[in-house]
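Architecture and fold: a report
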Amino acid sequence: MSSETKIEYQKKEFSPKVKSVGLALLIFGIVLVIAGYFVSPARMTFNNIIGFTFLISIVIGSLFFVSIEYLAGAVWSTPFRRIAEFLTYGVYVLPFILIPILLNLHDVFHWTHPEVVNSDKILKEKAPYLNVNFFLIRILGFLLIWILFQRFITKNSEKQDFSKEQSLTTKNIKISAIFIPLFAITITFTAIDFLMSLEPHWFSTIFGVYYFSGTILASLATITIAVIYLNEHGYLVKGLSSDHYYSLGALMFAFTNFWAYIAFSQFLLIWYANLPEETFWFLQRWEGSWIAYSIGLIIIRFVIPYFGLLTQPSKMDPKRLKIMSIWILFAHFYDLYFLVMPNYSRSGVVFSWFELGFPMLIIGALILIFNELSKRKNLVAIGDPKLKRGIDFRL
Amino acid sequence: MSDKILYGYSAIFDKPDDIIKAAKTVAEHGYKKYDVNTPYPIHGMNNAMKLKPSKLGYISLIVGLSGALAAILTMWWMSAVDYPIVYGGKPFFSFPAYIPVVFEVTVLSASIATVLAMLFIFFKFPNNSHPLQGTEYLKKVSSDKYGIIILADDEKYNENEVKNLFQSLNASELEPIYWDNDEINHKHKIFEPKFILFLVVVAILNSGAVYFVYNKLLFMVPFNWMMEQERQNVQQKSLIFSDGFGMRTPVEGTIARGHLPYQFYGKPDLAGEKLINPIPVSKSSLKLGQEKYDTYCSPCHDYHGTGQSRLNGQFPNPPSLHSEKLRSWSDGRIFAVITEGQNVMPSYSTQLTEDERWAVINYIRVLQRAMNAKESDIK
């Protein structure tokens, strides 16, 4: 509000440690993944699906965050919007993580086996949608859409750093308006294709929203971690206050509740109707040690973040917010594991080095991308006309 | 002027930046009792005024949690204790089904409590004698100006200092604000005739509306559509079935639960041979048997089955149920008597269901055992 606010931003080099940490994680992750594919391709493919959907959550969720800011004309997130933009560059990693899945489709999707489909009336009926060709067309189409919009939006935003043209914002608003509905469709069908079709007999119409809620949480958490870390070390524009943190925390809190709302809605209807063609999905997750895992999901994904973010100070204090963000990111992984892994191991939870490969690879890749981009680009959208108001944002 | 009591000293600013600066400076000067009035909420004002976080949240929390608890207890009491009915094969206390209601009640009670507490506890409504009412100051700050007011009862209050402070902040207008004498002297009492009249009018309107809705409105089109349905009532002629009967006989080859047709009419001995008591002796079946026996059998057979009952002399005395013959009868044979009757004793098949008849027989066995206890029973 005050006209005296100055934009104080000094571009700084990351310490070389960042690169070595990222590189170490990436290499170690890749080694684990390759070793895993040699030892147990089926298990690794399931993990690959977790990794793929996990990265989509962070990357495409961030793209959604950016476009929602443009569309809503929000100012509070402008000072660190570039962080979310950086994360969207992860979209170029997605194809690499997708390829091994495509090579091992038969291990995870039993609707890809023609003999299974032919002897199964339900799968036969679903075949016009659930067949390998259409599946490939869909996911390649989605990747194309994501990459295109990622390019459009980030290019315009980065150009503005130098040209300072207001019209670039207007352009991005229009692009965002087109992207949001496409985002809704692509995310929904990604969830259906990669997560729901693991159990092709099962259906839940709210499933896309379920994945969407986790997507937003994962991307918000990643953005928050990056913002807090970078701001603490002085890489961002001066003037970010607890009010900015509070807003990020409040959004995460809101979406934690949203996730619980959606997850419970899905459960309640299935539990109430008690139809065998729907309940078996939950019953599978109520077998052996999966019981403990399912109860853990409620606690890890809802109860702990709920109470961890309930009070005002917990959202304003960067330390506590950082811990909760890391926790929420972990909870998203836990959730995806809950969705995917019962299809691999019916009898109980399995966890060992197989499961660590993809998270390490992804985090390493994101850190490296960040490091690379920070050399070439500003970490703050210094040309954005909303920036000043964004810094002045107070609750 | 001097006879009026001072409420505070007000200043008006033209820009939101100025009012934030003013609030900050006033707070820094150590004033405690002051307030800011703006036409809309200004971001950052809480910090500028150094306001402590509001306590309102605690009221929401406590009332919300109480609401949740009350909802759980209510549903538990209604559907698991007081009137248990099976819905969809679920247990009586099925928590997942309660969660939506608990959620709604929590939100509803918390939000209502928050609004009410905000208005009546924190804002101290209704307040008809606030000194700011009707002042020029309030008119301005509720349209396009930003005002601050330091109250006269602040410890540090000194009219000249306050004035200088405001002037140094470039206030566009300054004005002292006084209590309105009329307002101070006028006490608002609860039992004012006007207020009583108001209550009476509200009560009449309310009950009139309720009466109208329940006795008139619900019987008007379209509100009566629920009631006047094309529906088959009991004992009514049917327009659908060709035989014209509204009540239907059971589908051929089916029988209703608990209504096995009795196959031994006129052949009580055969019944005694073939029928087996399906009801195991248990506390609850004996209790049921006793209840039914006391109601339906004891008038003639006596509470203990001796036959010397309170109807003695008005009706042919029935034989004792403790006779050698009866003790050796099978349960099925007694069942035949209850179902068909015997000579002057009428049939009880319409009063007692099959299970109840068996329960009564179990109870008769208890009576018999009590009258003719074996040595071993006494130990």
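Before going into details, it helps to say that this report is about the structure given with it. (Residues numbered from 1 in each chain as written. Chains lettered and ligands numbered in written order. Predicted model: local features only at pLDDT ≥ 70, side-chain atom pairs only at ≥ 80, totals over all residues. Heavy atoms only, no water.)

**Some points on the overall build of chain A**
For clarity, the threshold we go by: Only DSSP runs of H or I with at least four residues qualify as helices, and only runs of E with at least two residues qualify as strands; both kinds are numbered from the N terminus onward. The reference for a compact globule is 2.2 Å times residues^0.38; the radius of gyration itself is calculated from the C-alpha atoms. Each residue is assigned to one of three classes by its accessible area relative to the maximum for its type, calculated with a 1.4 Å probe on protein chains only: buried under 20%, partly exposed between the two thresholds, exposed over 50%. Contacts between residues were defined by any pair of non-hydrogen atoms, one from each residue, lying within 4.5 Å. All accessibility values rest on the Shrake-Rupley procedure with a 1.4 Å probe; residue burial counts only the protein chains present in the view.
Regarding its fold elements, chain A presents 17 helices and zero strands. In terms of overall size, chain A behaves like a compact globule, its C-alpha atoms giving a radius of gyration of 21 Å where 395 residues would be expected to give roughly 21 Å. By principal-axis analysis of the C-alpha atoms, chain A measures approximately 70 × 40 × 40 Å. Among the 395 residues that make up chain A, the fraction classed as buried is 56%. For chain A, the proportion of contacts with a sequence separation of at least 24, taken over those separated by at least 6, is 84%. Surface accessibility of chain A: about 16400 Å² in total, with carbon and sulfur atoms responsible for 71%.

**Side note on the sheet that holds strand β2 (residues 34-37) of chain B**
Residues and elements named next belong to chain B. Definition in use: For two strands to pair, DSSP has to find at least two bridges joining them. Fitted lines through C-alpha atoms serve as axes, helices being fitted only where they are in contact, and the angles separating the N-to-C directions of these axes extend from 0 to 180 degrees.
Pairing within the open sheet is antiparallel, and its four strands lie in the order β2-β3-β1-β4. One side of each edge strand has no neighbouring strand; the edge strands of this open sheet are β2 and β4 (173-178). Along the sheet, successive strands turn relative to each other by an average axial angle of 20 degrees, direction set aside. The pairing of strand β1 (residues 6-13) with strand β3 (residues 146-151) spans six bridges and is antiparallel. Note on β3: the bridge partner recorded for Tyr9 is Ile150. Most of the contacts of helix α1 (residues 16-28) go to β3, to which it runs at about 15 degrees, and overall it touches β1, β2 and β3.

**Considering the pattern of salt bridges**
Residue and element names in this part refer to chain A. Note the threshold: Here, a salt bridge means any Lys or Arg side-chain nitrogen found within 4 Å of an Asp or Glu carboxyl oxygen.
In total, this model carries 24 salt bridges over all chains according to the counting rule given. The shortest N-O distance in the salt bridge between Glu355 and Arg43 comes to 2.8 Å. Of this pair, Glu355 sits in helix α16 (residues 353-376) while Arg43 sits in helix α2 (residues 41-72), and the two are 312 residues apart along the sequence.

**Brief notes about the packing of aromatic side chains**
Residues and elements named next belong to chain A. Rules: Pairing of aromatic side chains here covers Phe, Tyr and the six-membered ring of Trp, requires ring centres within 6.5 Å, and sorts the geometry by plane angle: under 30 degrees stacked, over 60 edge-to-face, intermediate tilted.
For the structure shown, the criterion picks out 57 aromatic pairs over all chains. Between Phe109 and Phe194, the aromatic rings sit 6.5 Å apart at their centres with planes inclined by 75 degrees, giving edge-to-face as the arrangement. Placement of Phe109 in the loop between α5 (105-108) and α6 (114-118) and of Phe194 in helix α9 (residues 166-195) is noted, with a sequence separation of 85 residues between them. For Phe194, a relative accessible area of 1% puts it in the buried group.

**Some remarks on the interface of chain B and chain A**
To be explicit about the condition: In this description, buried area is defined as the sum, over both parts, of the accessible area (probe of 1.4 Å) that is lost when the two are combined. Residues are grouped as follows: Ala, Val, Leu, Ile, Met, Phe, Trp, Tyr, Cys and Pro are nonpolar; Asp, Glu, Lys and Arg are charged; every other residue, Gly included, is polar.
Contact with chain B, which involves 12 residues of that partner, is made by 14 residues of chain A. For the pair chain B and chain A, the two sides together bury roughly 1200 Å², of which 69% comes from carbon and sulfur. At the surface where chain B touches chain A, the tally comes to zero salt bridges. The element best represented in the side of chain B that touches chain A is helix α4 (residues 95-122) of chain B, accounting for five residues. The residue makeup of the side of chain B that touches chain A, split by class, is six nonpolar, four polar and two charged.

**With respect to a positive patch on the surface**
Short version of the rule: The residues that make up patches have over 30% relative accessible area and no salt bridge, and they are joined within 9 Å when like-charged or within 5 Å when they are Val, Leu, Ile, Met, Phe, Trp or Tyr. Counting rule applied: Lys, Arg positive; Asp, Glu negative; His and chain ends not counted. For this purpose, a charge sits on NZ of Lys, CZ of Arg, CG of Asp or CD of Glu.
A cluster of like positive charges, contributed by Lys32(B), Lys52(B), Lys55(B) and Lys156(B), occupies part of the molecular surface. Tracing the chain through its elements places Lys52(B) in the loop between α2 (45-48) and α3 (56-82).

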